[in-house]
Amino acid sequence: MKVVKFGGSSVADAGQIKKVTDIINSDDGRRVIVVSAPGKRFSDDVKVTDLLIQLGESIQLGVSHKEAYDQIIDRFRSIIAELGLSESVLWDIKKKIDDAIDQVKVDPKGIDALKSCGEDGSALLVSAYLNHIDTKASYVNPKEAGILVSDQPGGAIVLDESFERLYQLREREEILVIPGFFGFTPEGTLVTFSRGGSDITGSIVAAGLKADLYENFTDVDSVYCVNPMFVKEPKQLTSLTYREMRELSYAGFSVFHDEALIPAFKEKIPVCIKNTNNPKAKGTMIVADLPEREQHVVGIASDHGFLNLYVSKYLMNREIGFGRKLLQILEDEEVSFEHAPSGIDDMSVVIREHQLPKEKEEIVIRRIKDELKVDTVMIERDMAMIMIVGEGMNQTVGIASRAASAFREAGVNIEMINQGSSEVSMMFGVKSDGLESAVQSLYHAFFD
Ligand code: ASP
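Keep in mind that this is a model prediction, so the values were computed, not measured.

Cut-offs applied
Residues numbered from 1 in each chain as written. Predicted model: local features only at pLDDT ≥ 70, side-chain atom pairs only at ≥ 80, totals over all residues. Heavy atoms only, no water. Helix = DSSP H or I, 4+ residues; strand = E, 2+ residues; numbered from the N terminus. Rg over C-alpha atoms; globule rule 2.2 N^0.38 Å. Contact = heavy atoms within 4.5 Å. Near = heavy atom within 4 Å. Polar contact = N/O pair within 3.5 Å; in protein donor to acceptor, adjacent residues only side chain to side chain. Areas by Shrake-Rupley, 256 points an atom, 1.4 Å probe, with all protein chains shown as cover. Nonpolar A, V, L, I, M, F, W, Y, C, P; charged D, E, K, R; others polar. Phe/Tyr/Trp six-rings, centres within 6.5 Å; stacked < 30°, edge-to-face > 60°. Buried < 20%, exposed > 50% of the residue type's maximum accessible area, 1.4 Å probe, protein only. Pairing = 2+ DSSP bridges. Expected span 1.5 Å × (residues − 1). Axes fitted to C-alpha atoms, helices over the stretch in contact; angles between N-to-C directions. Parallel < 35°, antiparallel > 145°, perpendicular 65-115°, else oblique. Left-handed = near helix turned anticlockwise from the far one by under 90°. Core = buried A, V, L, I, M, F, W, Y, C linked by side-chain atoms within 4.5 Å.

Enquirer: What is the right way to look at the overall build of the chain in this model?
Expert: Per the secondary structure count, the chain includes 15 helices and 17 strands. Relative to its length of 448 residues, the chain is compact, with a C-alpha radius of gyration of 23 Å against a globular reference of 22 Å. On the principal axes, the C-alpha backbone points of the chain span a range of 70 × 55 × 40 Å. Intrachain contacts of the chain at a sequence separation of at least 6 include 74% that bridge at least 24 residues.

Right under this line is the structure:
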C-alpha cells in the first residue's frame, strides 16, 4: 500500500491533474493521495497559496481584496471547466473560501484557515475528477482523517495521537484524497504546517497507515547532488539515507520539506521522490540504511540568508553557564538558532536573518552587553552556509582538506566551519557573494 503526495506543480492545471489521475490508476497500491494547492503553471505565475495569503493580508489591512479573490476563484473555475466537472465542485470550494474570509475578519489567526483553502480545493477537485473517470474516490478532511497538531499557526507540529487515528483509514476501500498542509488542534482549530508542508502531511499519513512506500511526486526526475542553478546537469542521486536527505533538504534542497522525513523515518517507510511529468524515471529512494558505496560525499547543499552573531569574552571557557545564558537571551526574544560553533573565548551563533529583524537585533545586542559583560558582540549579515553531506564521510580521511582546497581554488574565505558529531555533514560559513563559486568548486572537487 502506497501513500502518494502530489506537489503544487502536479495540480497546477487540468492537464497536470490528468497526469496525476493516470499515475494513480496505473498502480493498485496507490490508495491514499495527499495533494498540495495548485502551484505555478509557468515561472512568473503565482501559487494559489500565495494568492490566499495576499487575500488574507488585504482583509487584515482593511483594503480591497477583490483582485486576489477573483484570481483564486478563476484558477479553480478554469480547472473545473477543463476537466468537465460539475459547477457544484466550484461552489463547495467557494463556500470554504468565503467561510475562511469571515473567520479572518473576526480573528487574524483565522488566516491559517484561508491558507488551507488551496490544498482543500485541490483535494475536492482531484477526488471529483477520479469519480468522473469512474475511479471510486472520497475527499477526506484532515479532521476526519485524525491529523491532530499543536496550536502553532503556520508552524504546527503533529501530535502523536494522530498516527493511531490515521491507521483506521486502512479499512476504507475507495481511493482517499486528503488535502496536505494542515491539521486541527485538539480544540478543533485549523492550523497549518510551515510553507511547503504538504510533504509533512504525506509523511504523517504514510506513517499512520504504515504504508509500504511514501511516493512524493514533484517536477524533477530525481534529487540532484547540487543545486542545478549553480552546476549544469549535475549528477542525479538514485538513493540516499534519511539522515542525508534531512541534512540536504535543511540547507536548500527544496525538493522535499526538511521536517517531512521524521514521521516516515520513525516507521522505517521508504520515501521515493518522483516526477509527475516523467513517471517512468526511477526517481530517488530515501531509505534507512544503504549498502556500502564508494561515494563518501553524496551532496552539496547551500543556502543564503543567514547571519552570524559573534560574541567573545576572555576566559569564556571558565565561565560556567555562559553558553546557556547567551542562548537564554535568544530564547526569551523568541529567536531560534541553527548552529553554534564555539572557541575558547568566543562563540558564534548562526541564525536565519528573518529571525532577527533590526528591532530585535538591538534588544539582543543590548542584553548580551549588559547581562553577559562580553568583550565583543557583533552581527555579520549576508552569510551563506554550505554543507557537504554523506554517511561515508565519518570513516574517510581527508574530506575537510579536499573541501578547503576547493574553497582556496574558488578564492572564497571560509568564515566558519562546523562538523556535527554525527559526521554526516560538514558545514562551512561564507559571505553570500562567494556562495556560487564555492559550490561549483566543491562540485568539481567531489564529483568530477
Ligand atoms: N501550498 C503550501 C505552500 O505553498 C504547502 C505545499 O505546497 O506543500 O507552502
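Additional details are given in the paragraphs that follow.
Enquirer: Explain the site of the ligand to me, please; I cannot follow it from the model alone.
Expert: Residues in contact with the ligand, as listed here, are Ser36, Ala37, Lys47, Thr49, Glu119, Phe181, Arg195, Gly196, Gly197 and Ser198. Here an oxygen atom of the ligand sits 3.4 Å away from a polar atom, N or O, in the main chain of glycine 197. In the environment of the ligand, an oxygen atom lies 2.9 Å from a nitrogen or oxygen atom belonging to the backbone of serine 198. In isolation the ligand offers 270 Å² of accessible surface; the protein chains occlude 92% of this area. When grouped by side-chain class, the residues that make up the shell around the ligand number two nonpolar, five polar and three charged.

Enquirer: Explanation requested: the packing of aromatic side chains in the structure shown.
Expert: The geometry of an aromatic ring pair is captured by two quantities: the separation of the ring centres and the angle between the planes. Per the counting criterion, the structure on display carries six aromatic pairs. Taking 6.1 Å as the distance between ring centres and 70° as the angle between the ring planes, the aromatic pair formed by phenylalanine 182 and phenylalanine 184 counts as edge-to-face. Residue classification places phenylalanine 182 among the buried positions, given a relative accessible area of 1%. For phenylalanine 184, a relative accessible area of 9% puts it in the buried group. Judged by centre distance (5.4 Å) and plane angle (20°), the rings of tyrosine 443 and phenylalanine 447 are stacked. In this pair, tyrosine 443 and phenylalanine 447 are both assigned in helix H15 (residues 435-447), four residues apart and thus about one turn of the helix distant.

Enquirer: What exactly am I supposed to notice about the side chain of threonine 185 here?
Expert: Considering the arrangement of structural elements, one finds threonine 185 in the loop between strand S5 (182-184) and strand S6 (190-192). Filtering out sequence-adjacent residues up to four positions away, threonine 185 remains in contact with Leu148, Val149, Ser150, Asp151 and Val191.

Enquirer: Is there a simple way to think about the pairing of strand S13 (residues 299-312) in this case?
Expert: Put simply, side chains in a regular strand alternate between the two faces of the sheet. Most of S13 sits inside the fold, with 11 of its 14 residues counted as buried. Relative to strand S14 (residues 346-352), S13 is paired through seven bridges, and the arrangement is antiparallel. Within S14, the position partnered with leucine 309 by the bridge is valine 349.

Enquirer: For this particular structure, what's the right way to read helix H2 (residues 48-61)?
Expert: Turn by turn, an α-helix covers 3.6 residues, leaving residues three or four places apart pointing in a common direction. Taking 1.5 Å of rise per residue, 14 residues should cover 20 Å, and H2 covers 20 Å from first to last C-alpha, within 8% of that figure. All of the buried residues along H2 are Val48, Thr49, Leu51, Leu52, Ile53, Leu55, Gly56, Ser58 and Ile59. Looking at the packing, one finds that the buried side of H2 touches helix H3 (66-83), helix H4 (87-106), helix H5 (111-115) and helix H6 (117-132). Backbone geometry just downstream of H2 places glycine 62 in the positive-phi region, at approximately 75°.

Enquirer: I would appreciate a short explanation of the packing of H2 against H4 in the present structure.
Expert: Packed helices, taken two at a time, are described by their axes: the angle between them and the distance between them. For the pair H2 and H4, the least separation of the axes is 9 Å and the interaxial angle reads 40°. One finds that H2 runs oblique with respect to H4. Once H2 is placed against H4, the crossing between them reads as right-handed. Along its contact with H2, which presents Leu55, Gly56, Ile59 and Gln60, the element H4 presents Ile97, Ile101, Val104 and Lys105. Taken together, the residues of the contact of H2 with H4 break down into five nonpolar, two polar and one charged.

Enquirer: Got a minute to help me understand the sheet that holds strand S4 (residues 175-179) in this structure?
Expert: Within a sheet, each strand pairs with its neighbour through backbone hydrogen bonds, oriented either parallel or antiparallel. One open sheet accounts for eight strands, arranged S3-S4-S2-S1-S7-S11-S12-S10; its pairing is mixed. Both edges of this open sheet fall to strand S3 (137-139) and strand S10 (239-241), since each of them pairs with a single strand only. Averaged over neighbouring strand pairs, the angle between their axes works out to 20° when direction is ignored. When strand S11 (residues 271-275) meets strand S12 (residues 284-287), the two strands line up antiparallel, connected through three bridges. When the bridges of S12 are listed, cysteine 272 appears paired with methionine 285. Of the strands in this sheet, strand S2 (30-35), S3 and S4 are in contact with H6, which crosses S4 at around 160°.

Enquirer: What is the right way to look at the environment of alanine 281 in this model?
Expert: Along the chain, the position of alanine 281 falls in the loop between S11 and S12. When neighbours within four sequence positions are excluded, alanine 281 is seen to be in contact with Asp221 and Lys274.

Enquirer: What's the story with the environment of asparagine 275 in this structure? I'm lost.
Expert: For asparagine 275, the location among the structural elements is in strand S11. Overall, the relative accessible area of 7% leaves asparagine 275 in the buried class. Note: C-alpha distance between asparagine 275 and serine 9 (266 residues apart in sequence) is 10 Å. In this view, asparagine 275 contacts Phe217, Thr218, Asp219, Val220 and Asp221; residues no more than four positions away in its chain are not counted. A polar side-chain atom of asparagine 275 sits 2.8 Å from a polar atom in the side chain of aspartate 221.

Enquirer: Can you help me understand the nonpolar core in this one?
Expert: Inside soluble globular proteins, nonpolar side chains tend to come together where they are buried. The biggest cluster of nonpolar side chains holds 73 residues, and the ones touching the most others in it are Val3, Val205, Ile300, Ile386, Ile388 and Leu442. Non-local contacts of valine 205, meaning those with residues more than four positions away in its chain, are made with Val3, Val32, Val34, Ile147, Leu166 and Ile178. The next biggest cluster of nonpolar side chains, apart from the first, holds 45 residues, and it includes Phe6, Ile59, Leu124 and Leu130.

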